[in-house]
Amino acid sequence: MTKPLRVTQSVYWVGVNDFSTKLFEGLWDIPEGVSYNSYLIIGSEKIALIDSVGEKFLEEHLNKIEQVINPSRIEYLIINHMEPDHTSAIPKILSVMPKVKVVLTPAAFQILKAFYHIETLETIIVKGDDTVIDLGGKTLRFIQTPFLHWPETMSTYLIEEEVLFSCDLCGSFKHLPEGAIVDTNIENIEQYIYGGVLKGYFAGVFSKYRDHVLKAMEKFKALGLKIKVLAPSHGPVYTIHAKEVMDLWTSWSKPDYTKKVVVAVGSMYGFTFKFVESIVKGIKEAGGEAVILNLVEDSPVKMLEMVIDAPALIIGMPTYEYDLFPPVNYFVNLLGLKKLTDKFVGVFGTFAWAGGGLKRLIDLLNTLGFKYLGGVEVKGSPLLEDLEKAKALAKLIAETAFKEHKL
Ligand SMILES: Cc1cc2nc3c(=O)[nH]c(=O)nc-3n(C[C@H](O)[C@H](O)[C@H](O)COP(=O)(O)O)c2cc1C
Ligand SMILES: [Fe+2]
Ligand SMILES: [Fe+2]
């Protein structure tokens, strides 16, 4: 069990590491775990707790709070976001904070009532961006940042120490190392920033709300907030890396397309995979980089992460029960759900008797708004001429996408 950690002069981390959940939100695999960060802010007169944890971690969370202060002294519980990973411990934790006022947006209050049926609560409902709470020498300001990544979300800013508590914004999928949370104390901080766990979290949880990420980033600037410390609700707290991490999230939200084409293949016996080599050649001839996704084996986090900054996609699959191969159906619909459809796309496929799956795939792609450029389908194994066709199609797709986006 990790100990509470001091983050800044008045901020303590009283969160937990989760090593047991296999799929975050029931969807995203987290082989390296995840942390749920909760922070105590200690002013000379009052104490606030920012966000909580899931009910499963109630005891550890409470134990950490008790190592810093007596929880009955907490006067404010600030709820930046209502998702249960940060709130399901709240109904129980409230009983040890008799004088607490809950600070949250109107939309968060509605969800709090719906989730936990807590009616008798003292609240401070935050509207606009000017609500502040003075803890005695430490002032918290609340900023409306909706859809990060639910409608009720807000951010909290500790004025004197220039700390932004951004909740899920800039979170990542990896447990915190023993005894450290601040970037300057984490040895392999580069791994946290560039090893895929930051982008993976963005891809899985935030990719639909890219516009709202940009709006929030612009708002922080417009309000003139200096962000010396970035304290999200998952993963490290960033000091010397705060700007870098916020810039990365901004760039993924635009997105800044690169000369990359994703070749996404679902296959049962490898017939469809026979096309891949030629497709990769076609992409390379157009001057692009080919990234191969195995839609049967790769995780949804990886799928989204790879697709975000690619302006084009080439999708392969067999016909399955006269229809789409299920992993491909899942993948394409996931891209639709996350609004990652602004891409040129081509398809390839194989079948044994009547085919038909590829036509259904093309219909789906067109319905979702992808820019469909062509397909190649064969009965059985592809012949040399089929492979040549696939290569030419891949080259055309890559060239069209790169030209359109001036890459
Ligand atoms: C469970 C199952 C269902 C299939 N359904 C169809 C079908 O409806 N129509 C068809 O023409 N081929 C069908 N096939 C044959 C495959 O589409 C064909 O063998 C294909 O080339 C397999 O490619 P793969 O090795 O890349 O998975 C089916 C195969 C399996 C195993
Ligand atoms: Fe969340
Ligand atoms: Fe979260």
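The text that follows walks through the structure, step by step, so that each part is easy to find.

Rules behind the numbers
- Residues numbered from 1 in each chain as written.
- Chains lettered and ligands numbered in written order.
- Predicted model: local features only at pLDDT ≥ 70, side-chain atom pairs only at ≥ 80, totals over all residues.
- Heavy atoms only, no water.
- Disulfide = S-S within 2.5 Å.
- Buried < 20%, exposed > 50% of the residue type's maximum accessible area, 1.4 Å probe, protein only.
- Phe/Tyr/Trp six-rings, centres within 6.5 Å; stacked < 30°, edge-to-face > 60°.
- Helix = DSSP H or I, 4+ residues; strand = E, 2+ residues; numbered from the N terminus.
- Donors = N, O, S within 2.8 Å, 3.2 Å for Na, K, Ca; no water.
- Tetrahedral: all angles 85-135°; square planar, octahedral: opposite > 155°, others 65-115°.

## Brief notes about the state of the cysteines
Logical step 1: Scanning the entire structure with this criterion turns up 0 disulfides.
Logical step 2: Cysteine C167 is unpaired, with the sulfur of C170 as its nearest cysteine sulfur at 11 Å.
Logical step 3: For C170, a relative accessible area of 0% puts it in the buried group.

## Some words on the packing of aromatic side chains
Logical step 1: Taken as a whole, this structure holds 16 aromatic pairs when the rule is applied.
Logical step 2: The interplanar angle of 65° and the centroid separation of 5.2 Å between the aromatic rings of F24 and F173 together place this pair among those described as edge-to-face. Of this pair, F24 sits in strand β4 (residues 23-24) while F173 is found in the loop between β15 (163-167) and α5 (189-194), placing the two residues 149 residues apart along the sequence. For the pair F24 and F173, one class covers both residues: buried.
Logical step 3: Here F202 and W252 contribute two aromatic rings whose centre-to-centre distance is 5.6 Å and whose plane-to-plane angle is 50°, an arrangement assigned as tilted. Here W252 lies in helix α8 (residues 242-253) and F202 lies in helix α6 (residues 197-206), a separation of 50 residues in the sequence. Of the two residues, F202 and W252, neither departs from the other in class, the shared state being buried.
Logical step 4: By way of ring pairs, the aromatic residues F24, F173, Y201, F202, F206, W249 and W252 are connected into one cluster.

## Observations regarding the coordination of the iron ion (ligand 2)
Ideal geometry at a metal centre gives angles of 109.5 degrees when four donors are arranged tetrahedrally and 90 or 180 degrees when six donors are arranged octahedrally.
Logical step 1: Donor atoms from the polypeptide that coordinate the iron ion (ligand 2) comprise H81 (NE2), E83 (OE), H149 (NE2) and D168 (OD), at 1.9 to 2.2 Å from the metal.
Logical step 2: For the iron ion (ligand 2), the 4 donor atoms are set out with angles of 82 to 167° between them, so the coordination reads as irregular.
Logical step 3: Spacing between the donor residues of the iron ion (ligand 2) along the chain follows H-x1-E-x65-H-x18-D.
Logical step 4: Here the iron ion (ligand 2) and the iron ion (ligand 3) are spaced 3.4 Å apart, and both take D168 as a donor. Here H149, found in the loop between β13 (139-144) and β14 (154-158), pairs with D168, found in the loop between β15 and α5; they are 19 residues apart in sequence, far enough to count as distant.

## Section: the coordination of the iron ion (ligand 3)
Logical step 1: On the protein side, the iron ion (ligand 3) has D85 (OD), H86 (NE2), D168 (OD) and H234 (NE2) as donor atoms, found 2.1 to 2.4 Å from it.
Logical step 2: Taken together, the 4 donor atoms surrounding the iron ion (ligand 3) define angles of 87 to 174° at the centre, an arrangement classified as irregular.
Logical step 3: Between consecutive donor residues of the iron ion (ligand 3), the sequence gaps follow D-H-x81-D-x65-H.

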